[in-house]
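Working through the structure, step by step
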Amino acid sequence: MTSRINPNPKPYYIVRPPGRWGFPDFRELWQYRELIYFFTWRDLKVRYKQTLLGVLWAWLQPFITMVVFSIFFGRLAKMPSEGLPYPIFAYAGLLPWEFFSKSFNKAGRSLVMNRPMLTKVYFPRLVIPLSVVLSSLVDFLLAFVVLAGLMVWYGIAPTPRVWTLPLFLLLAAAVSLGGSLWAAALNVLYRDVGYVLPYLVQVLLFVTPVVYPTSLVPEQWRLIYSLNPMAGVVQGFRWALLGVGPGPDLGMAISVTVTLLVLLGGLVFFQGMERYFADRV
Amino acid sequence: MALAVRVANLSKQYRIGEARGKVEYRTLRDSLGRLFRRPRSATIWALRDVSFEIPQGQVVGIIGHNGAGKSTLLKILSRVTRPTEGYAELYGRVGSLLEVGTGFHPELTGRENIYLNGAILGMTKAEIDRKFDEIVAFAEVEKFIDTPVKFYSSGMYLRLAFAVAAHLEPEILLVDEVLAVGDAAFQRKCLGKMGDVAREGRTVLFVSHNMSAILHLTQRTLVLQKGRVVFDGPTPDAVDFYLASGFRRAGERRWDQEEDPTWDPAGPFRPIALRVRDAQGRVTDTVRADEAFTVEWEYVLEQPLRGLRVGIYLLTTRGEYVFTSFDVDDVDMYRRWEERPPGRYLSRVHVPGHWLNEGRYILSVNASIFGVRTFFHEENALSFRVDPTGVVGAQWSERRLGVLRPLLRWEILRNA
């Protein structure tokens, strides 16, 4: 049986026992870019299928939240808003926040939701959480149009440093993907994660300057506060777009560092756990 | 000839409970609890030291009882799961069909699902564009192509799912039993397509319980038993080996829960044994052609069941059905046993002598409530031989054509 029929050229692929931990194979991921596109497209398509308002929901959801926040936090609680009209202050924070919370909640569960695929077909598993984050990004871009409209309505011009906005968007995407990788991989092994996620997101909302400005946080707590990477993202958004709040400072540097750690760690952890996915999911 | 697949010492170990998704998931508490207990080494080898080579263009069958490791082997070859030891090299683009319709979304239309499913199976958009019309025609769903598949009949859904998969054009195709689904006409169509694939010179690994499909499509077959390759050779020999082996005792099949928990152990139906007895009541795997014999199935009902039917399928080794029979086919029996209280049961059927032709036969068993739930089903549960002793027409030593060799009542009329 071990007789060589023919000393062949290179095999198309070799299946081996799982080796050491490392980063995912990004070249392979690139080869699967069409699948990433199809999964993202499926997510969006399914989300707005058989809804009366369809894609309008991408606008309505953050808008309604903004209105509710404006009434309760802006009007009733008289929350300070850095001298800006509260609605626009809240909405500028809500946008990146919703992008993160939607991605994290859904991508964190995505592997378990796609169990039949994990046990039947091969493709880089990273495709699944990645495409969930991308589909939330599309929602974000749609909702961004409303923000532009609000700025026109209130007559607020964007700051000259608005060009840094994509960088903060990238940071938000990195936080979302990094967190999702940890959650998704852990959720395969422990379904507890699925139950914890919504609470975690809720707690994070309290320690992120979405409904209140960072200036409300006592000075001596600022650096610890910056350990929450979303704090950096939301501050950065307001700074780049509306010109309020702290710009790139030590706190921001901490947020960026934490983000990178979460993302790189998430990539390695996800890749390392991939060996268990099909057998345990 | 170039090599398509090389498998060397491939082994896969599962922790008990991990295999076949018996334990769906663990909670954190279980794991924390485990930290303080001594780890139990409850593991099984789903595959053990499997080695073989397949040259390009060969169509190879894989057969074996449930839990023999067939699906695990295909999963490893298709990279769904990793081996514990050993390695496999695949020389060529691989397409795996472990299931049809993977990733189909009920809310999406047929058209959308073709693209999605195609991409999941590894086709590029350009490839799908090119084959789109062909896929739709093969599936016969032209009129409903822009309807969400949740409105499809199960037949249409299946046809579409298979059509996408069938138009994958890999150099190496791994197929797991997808043909076991659908109506007879559709199965024939699928088999035809598989045959085409084989004729086009592509390499195929084909797992099936369907002996006639295996005989029809493959030249070479591996027999797996408890994770090991116990036979590797020409398909007809492999099928004979498989049918004659694996039974604890000639003429009897016992179900041992620890070894082969392929049914729901917590379910209401628990099979114990299936036996063939000759006219003298002896358990045997060889019955005389001229004598009646009985097939009996022993089982336990843990709960009262309403509408249960227990039965057998008799097949030839070529996979053709001879008959299907259930213990409550008779209307009086049906009424008498409409409700079965818990207890130990024996369902026994008498098969007349002077009826079956000589040769080897296979029994499959099934216990179900029609249209509601199948409690137990096993293909190839037992095989037995009909001995030519006393066969009808023994005065001429000839092989007679036909599955049956009945002694029928003839009349001869002279000058009528």
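Residues numbered from 1 in each chain as written. Chains lettered and ligands numbered in written order. Predicted model: local features only at pLDDT ≥ 70, side-chain atom pairs only at ≥ 80, totals over all residues.

What to know about the interface of chain B and chain A
- Taken residue by residue, the interface counts 48 residues in chain B and 36 residues in chain A.
- Where the side of chain B that touches chain A is concerned, the elements lending two or more residues are β1 (3-15), β2 (43-55), α2 (70-77), β4 (85-90), β5 (94-97) and α3 (110-121) of chain B.
- Broken down by element, the side of chain B that touches chain A gets its largest block of residues, six residues, from α3(B).
- For the side of chain B that touches chain A, the class distribution of residues is 24 nonpolar, eleven polar and 13 charged.
- As defined by bridge partners, strand β1 (residues 13-15) of chain A adjoins β4(B) across three bridges and the pair is classed as antiparallel. (Contact = placed C-beta atoms within 7 Å. Helix = DSSP H or I, 4+ residues; strand = E, 2+ residues; numbered from the N terminus. Nonpolar A, V, L, I, M, F, W, Y, C, P; charged D, E, K, R; others polar. Pairing = 2+ DSSP bridges.)

Side note on helix α2 (residues 33-48) of chain A
- Helix length check: α2(A), at 16 residues, gives a terminal C-alpha distance of 23 Å against a target of 22 Å (1.5 Å per residue), a fit within 8%.
- Within α2(A), the full set of buried residues consists of Leu35(A), Ile36(A), Phe38(A), Phe39(A), Thr40(A), Arg42(A) and Asp43(A).
- Against α6 (127-154) of chain A together with α3 of chain B lie the buried residues of α2(A).
- At the exit of α2(A) stands Gln50(A), carrying a positive phi of roughly 55 degrees. (Expected span 1.5 Å × (residues − 1). Buried ≥ 20, exposed ≤ 12 C-beta atoms within 10 Å, placed from the backbone.)

Considerations on the packing of α2(A) against α6(A)
All names here are of chain A.
- Axis separation between α2 and α6 bottoms out at 8 Å; the angle between their running directions is 55 degrees. Taken together, α2 and α6 sit at an angle that is classed as oblique. Seen from above, α2 lies across α6 with right-handed handedness. Contact with α2, carried on its side by Leu 35, Ile 36, Phe 39, Thr 40, Asp 43 and Leu 44, involves Val 127, Ile 128, Leu 130, Ser 131, Val 132, Leu 134, Ser 135 and Val 138 of α6 and no other residues of that element.
- Residue composition of the contact of α2 with α6, grouped by class: ten nonpolar, three polar and one charged. (Axes fitted to C-alpha atoms, helices over the stretch in contact; angles between N-to-C directions. Parallel < 35°, antiparallel > 145°, perpendicular 65-115°, else oblique. Left-handed = near helix turned anticlockwise from the far one by under 90°.)

Regarding the domain arrangement of chain B
Residues and elements named next belong to chain B.
- Along its sequence, chain B is carved into domain 1 (3-244) and domain 2 (252-387).
- At the level of elements, α7 (211-217) and α8 (235-244) are the ones that each hand at least two residues to the side of domain 1 that touches domain 2.
- No other element matches the four residues that α7 contributes to the side of domain 1 that touches domain 2.
- Of the residues contributing to the side of domain 1 that touches domain 2, the split by class is six nonpolar, five polar and no charged. (Domains from an automatic or database assignment.)

Considering the pairing of strand β15 (residues 308-316) of chain B
All names here are of chain B.
- Here nine bridges tie β15 to strand β19 (residues 359-369), and the two strands are oriented antiparallel to one another. In the sheet register, Leu 308 faces β19, and the bridge partner there is Ile 369.
- Summarising the sheet, β15 and strand β16 (residues 321-326) pair through five bridges and their orientation is antiparallel. From the neighbouring strand, Leu 315 faces β16, where its bridge partner is Tyr 321.
- In sequence, β15 turns back onto β16 through a hairpin of four residues, with Gly 319 there showing a positive phi of about 90 degrees.

Things to note about the sheet that holds strand β8 (residues 220-225) of chain B
Residue and element names in this part refer to chain B.
- Overall, mixed pairing links the six strands, which are arranged β5-β6-β7-β3-β8-β9 in an open sheet. In the strand order of this sheet, the two ends are held by β5 and β9 (228-234), each with one partner. Recorded for the sheet is a direction-independent mean angle of 15 degrees between the axes of neighbouring strands.
- Summarising the sheet, strand β6 (residues 172-176) and strand β7 (residues 203-207) pair through five bridges and their orientation is parallel. By the bridge assignment for β7, Ile 172 is matched with Thr 203.

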